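Residue-level structural notes
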Amino acid sequence: MMVKARHMKTFEDAVEKNLADERLVPLCNFVASTKKFFTSSGCAGRILLIQLPKGENKREASFHRRWHRKVSFSETKKALVEKTRGTVWIKMEPFILHMGTDSIDNARKILAVMSRSGVKRGGIIVAKPGKFLVEIHGTQEMAAPLKHGKKTLVHDDYLRYLVKTANSKLEKNYRMLEKFERECRDSLE
């Protein structure tokens, strides 16, 4: 399967350059070891501070901070007092993974794994002869504005609450991803 070989090469290059999300590497390695499945992209989940310019045009957004781990109040507060532009939001984004295969029946196997592991969001996003791509998406997420221009919009107690909530959601997200990985290992060959 040429598509799988191309995606495997891209993944191997990302791992070599330390660009791959560490939490996804074991799952992606397992999927790569199967005969009929591959991964094309993914993120295990993250907490970030994102700057949205006037009008909140997502295309013009930029990362102020991005963590693929739990964060502390102090590092979040420190990042918030730095110079920023537009509106700064704290976001917790869930895992997302794109898995591919060569047939609709194999794509259905991925969907069944997703369902058995309790993942509720996802579906087939590419369906072409010889290439089917399934998106698997976690559900733990949050977003809240923290700063607009130079003005901080939240007091420290609320920022502590938001950081604690983001960390809790990230942990739940990681547990769901682990469950999905176990189900993949049990069900895909």
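Residues numbered from 1 in each chain as written. Predicted model: local features only at pLDDT ≥ 70, side-chain atom pairs only at ≥ 80, totals over all residues. Heavy atoms only, no water.

Some details on the environment of proline 53
Within the secondary structure, proline 53 is located in the loop between strand 2 (46-52) and strand 3 (62-67). Sequence spacing of proline 53 and threonine 87 is 34 residues, and the spatial spacing of their C-alpha atoms is 6.3 Å. Aside from chain neighbours lying at most four places away, what touches proline 53 is Glu60, Ala61, Arg85 and Gly86. (Helix = DSSP H or I, 4+ residues; strand = E, 2+ residues; numbered from the N terminus. Contact = heavy atoms within 4.5 Å.)

Points about the sheet that holds strand 1 (residues 37-43)
The pairing of strands in a sheet happens through backbone hydrogen bonds and is either parallel or antiparallel. Pairing is antiparallel in the open sheet, where 4 strands are placed in the order 1-5-7-6. Only two strands of the sheet have a single neighbouring strand rather than two, namely strand 1 and strand 6 (121-128). Sheet twist, expressed as the average angle between the axes of neighbouring strands with direction ignored, equals 20°. Sheet analysis places strand 5 (residues 96-101) next to strand 7 (residues 131-137), joined by 6 bridges and oriented antiparallel. When the sheet's bridge partners are listed, isoleucine 96 is paired in strand 7 with histidine 137. (Pairing = 2+ DSSP bridges. Axes fitted to C-alpha atoms, helices over the stretch in contact; angles between N-to-C directions.)

Treat this as a map of the structure, not an account of what it does.
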